[in-house]
Amino acid sequence: MSEALKGIKVIDLSRILAGPWASQMLADMGAEVIKVERPKTGDDTRHWGPPFIKAANNQQPAQAAYYHCANRNKQSIAIDITQPEGQQVIKDMIAKADVLIENYKVGGLEKYGLSYQQVKLLNPQLIYCSITGFGQQGPYAHKAGYDAMIQGEGGLMSLTGAADGEPMKVGVAVVDVMTGLYSANAILAALLAKTHTGKGQHIDIALLDVQVATLANQGMNYLATGQNPERFGNGHPNIVPYQTFATQNGSLILAVGNDLQFKKFCQAAQCHELASNTLFKTNQQRVENRAALIPILASIIAKHSTDYWVATLEAIAVPCGPVNTLAQVFNHPQVQHRNMVRQLPDENGELINTIASPINLSETPLQYKHAAPNIGQHSEQILTQFLQYNEEQVATLLENDTVA
């Protein structure tokens, strides 16, 4: 079968997570993604461990598992971007590319002749995606941005954590991941736009913008009321009961989304009177009186095991589920059935586990070709096949360490 982005060439000058997450999505869809890295050290996340994935060869140290989460299906070339010869190699790649992704500080690539205004002269059809902490303009544009600080500055931490506890960040770098998702969407839109405009364009994606946009219902709650939302721990600001409860042997997520589901829960839990109580009959009443309702439900749910409640409530279509560890997640029968863990070969053919994309396309399915590359694993191949440099050019670049 064909690949959705077959023939699309992407130059990836990004590192850490947001940019690589976007470029990995494009690579999974069939784009040819060339990851440009610093010689010797490469992407910072190669060293963000333990844990580490064992080295593919004796020339390079083991790479962090973190690095492997966002760099499969890519080729790697190591270029010294500070050297004019290295800058020229990148420009030659850009001239042949459809997309460039970068996450340097605002103006950081200009001194290398690689800003959007500079390279669009080389390739007017280039789609150039810039990912920064705060965007290309504005009083904070000069600042670097990192996921945890943006979770704080963008309001997410104020919404996360127990009501009487400290603000908490989410346990996954969700701002980076969501920024990668928005970036990939924007790139796909720009590729489609190019088919009828004939032009490339500059995409300006900021982590802070993404965090503010994904405040979603909580952001709208504030705009509607002017009141800062409270922290409800594992509860929901707009739906009750919609939170975790302690069971006899663990925890249960109860996600009652409407009044009929609440009535059915009360019947199964043998607390019929709650469903007809004027304090709790409707969701609005339950939200307004959550402080009275939640302790009653907690005492009822604590009498039985998690498995009991899951079996009982699933039988009557009341949404619920256990709070699983990652060991339980990856052993979950549905996760296994959906083939969410794939084994990909590294440089030496040894298999490495990776988490699959959730995207399933019927006619142009995603491809899982190989694990994340070593630093400069494809340098010579890119020089000779993609750029079609002659032997003398390649030898010179390799000998003076401009390319490694």
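If you're wondering where the values come from, they're calculated on a predicted model, not measured in any experiment.

J.: Honestly, the overall build of the protein chain in this entry has me stumped. Any pointers?
T.: A tally of helices and strands in the protein chain yields 18 helices and 13 strands. Buried positions account for 45% of the 404 residues belonging to the protein chain. As displayed, the protein chain has an accessible area near 20,500 Å², and 53% of this comes from carbon and sulfur atoms. Positive and negative charge centroids in the protein chain, built from 29 and 35 side chains respectively, lie 6 Å apart.

J.: Please explain the packing of helix α17 (residues 379-386) against helix α18 (residues 391-399) as it appears in this structure.
T.: The geometry of a pair of packed helices is captured by two quantities: the angle between their axes and the separation between those axes. Remark: α17 packs on α18, axes separated minimally by 10 Å, with the N-to-C direction vectors making an angle of 150 degrees. One element, α17, and the other, α18, form an angle in the roughly antiparallel class. The chirality of how α17 crosses α18 is right-handed. In contact with Glu 380, Leu 383 and Thr 384 of α17, α18 contributes Val 394, Leu 397 and Leu 398.

J.: Would you mind showing me how to read a nonpolar patch on the surface here?
T.: A cluster of nonpolar side chains, contributed by Leu 326, Phe 330, Val 341 and Ile 355, occupies part of the molecular surface with about 360 Å² of accessible area. Its relative accessible area of 61% is what places Leu 326 among the exposed residues.

J.: What's the story with helix α1 (residues 18-28) in this structure? I'm lost.
T.: Every α-helical turn comprises 3.6 residues, leaving residues that sit three or four positions apart pointing alike. Among the eleven residues in α1, ten count as buried, and that is most of the element. Looking only at α1, the buried set comprises Ala 18, Gly 19, Pro 20, Ala 22, Ser 23, Gln 24, Met 25, Leu 26, Ala 27 and Asp 28. Those residues of α1 that are buried lie in contact with β1 (9-13), β2 (32-37), α2 (65-68), β6 (99-102), β7 (127-132) and α7 (174-197). Once α1 ends, the next one or two residues include Gly 30, with phi positive near 110 degrees.

J.: Help me out: how do you make sense of the packing of aromatic side chains in this one?
T.: Aromatic rings considered in pairs are described by the distance between their centres and by the relative angle of their planes. Within the structure shown, the criterion is met by five aromatic pairs. Between Trp 48 and Tyr 66 the ring centres are 5.1 Å apart and the planes differ by 80 degrees, which places this aromatic pair in the edge-to-face class. Of this pair, Trp 48 sits in the loop between β2 and β3 (52-53) while Tyr 66 sits in helix α2, placing them 18 residues apart in sequence. Ring geometry for Phe 134 and Tyr 140: centres 5.7 Å apart, planes at 45 degrees, overall tilted. Linked through ring pairs, Phe 265, Tyr 308 and Trp 309 together constitute an aromatic cluster. Residue placement shows Arg 286 over the ring face of Phe 262; its charged tip is 4.4 Å from the ring centre. Directly above the aromatic system of Phe 232 lies the positively charged group of Arg 290, at a separation of 4.0 Å from the ring centroid.

J.: Can you walk me through the sheet that holds strand β10 (residues 251-255) in this structure?
T.: Pairing between sheet strands relies on hydrogen bonds along the backbone, with the strands arranged either parallel or antiparallel. Pairing within the open sheet is antiparallel, and its three strands lie in the order β9-β10-β11. Looking at which strands have only one partner, the edges of the open sheet turn out to be β9 (242-246) and β11 (320-322). Each adjacent strand pair in this sheet contributes to an overall mean axis angle of 25 degrees, direction not counted. Where β10 lies against β11, three bridges are found, and the strand directions are antiparallel. When the bridges of β11 are listed, Ile 253 appears paired with Gly 321. Contacts between helix α13 (residues 290-301) and the sheet are confined to β9 and β10, with β9 contributing the most and set at about 45 degrees to the helix.

J.: For this particular structure, what's the right way to read the pattern of salt bridges?
T.: In a structure, side chains of opposite charge can pair up when their charged atoms sit close to one another. Overall, the coordinates contain eight salt bridges when judged by the stated rule. Between Glu 37 and Arg 46 there is a salt bridge, and its shortest N-O distance comes to 2.7 Å. Arg 46 gets classed as buried once you look at its relative accessible area, which sits at 0%. Taking the shortest distance from any N to any O, the salt bridge between Asp 98 and Lys 194 comes out at 3.7 Å. Of this pair, Asp 98 sits in the loop between α3 (84-96) and β6 while Lys 194 sits in helix α7, and the two are 96 residues apart along the sequence. The exposure class assigned to Lys 194 is buried, which follows from its relative accessible area of 14%.

J.: Can you help me understand the side chain of Thr 306 in this one?
T.: Position of Thr 306 among the secondary structure elements: in helix α14 (residues 306-314). Judged by its relative accessible area of 8%, Thr 306 is buried. Apart from the residues lying within four places of it in its own chain, the contact partners of Thr 306 are Thr 247, Asn 249, Gly 250, Ser 251, Leu 252 and Pro 322.

The rules we used
- Residues numbered from 1 in each chain as written.
- Predicted model: local features only at pLDDT ≥ 70, side-chain atom pairs only at ≥ 80, totals over all residues.
- Heavy atoms only, no water.
- Helix = DSSP H or I, 4+ residues; strand = E, 2+ residues; numbered from the N terminus.
- Buried < 20%, exposed > 50% of the residue type's maximum accessible area, 1.4 Å probe, protein only.
- Areas by Shrake-Rupley, 256 points an atom, 1.4 Å probe, with all protein chains shown as cover.
- Lys, Arg positive; Asp, Glu negative; His and termini not counted.
- Charge placed at Lys NZ, Arg CZ, Asp CG, Glu CD.
- Axes fitted to C-alpha atoms, helices over the stretch in contact; angles between N-to-C directions.
- Parallel < 35°, antiparallel > 145°, perpendicular 65-115°, else oblique.
- Left-handed = near helix turned anticlockwise from the far one by under 90°.
- Contact = heavy atoms within 4.5 Å.
- Patch = residues over 30% accessible without salt bridge, like charges linked within 9 Å, V, L, I, M, F, W, Y side chains within 5 Å.
- Salt bridge = Lys/Arg side-chain N within 4 Å of Asp/Glu carboxyl O.
- Phe/Tyr/Trp six-rings, centres within 6.5 Å; stacked < 30°, edge-to-face > 60°.
- Lys NZ or Arg CZ within 6 Å of the ring centre and 35° of its normal.
- Pairing = 2+ DSSP bridges.

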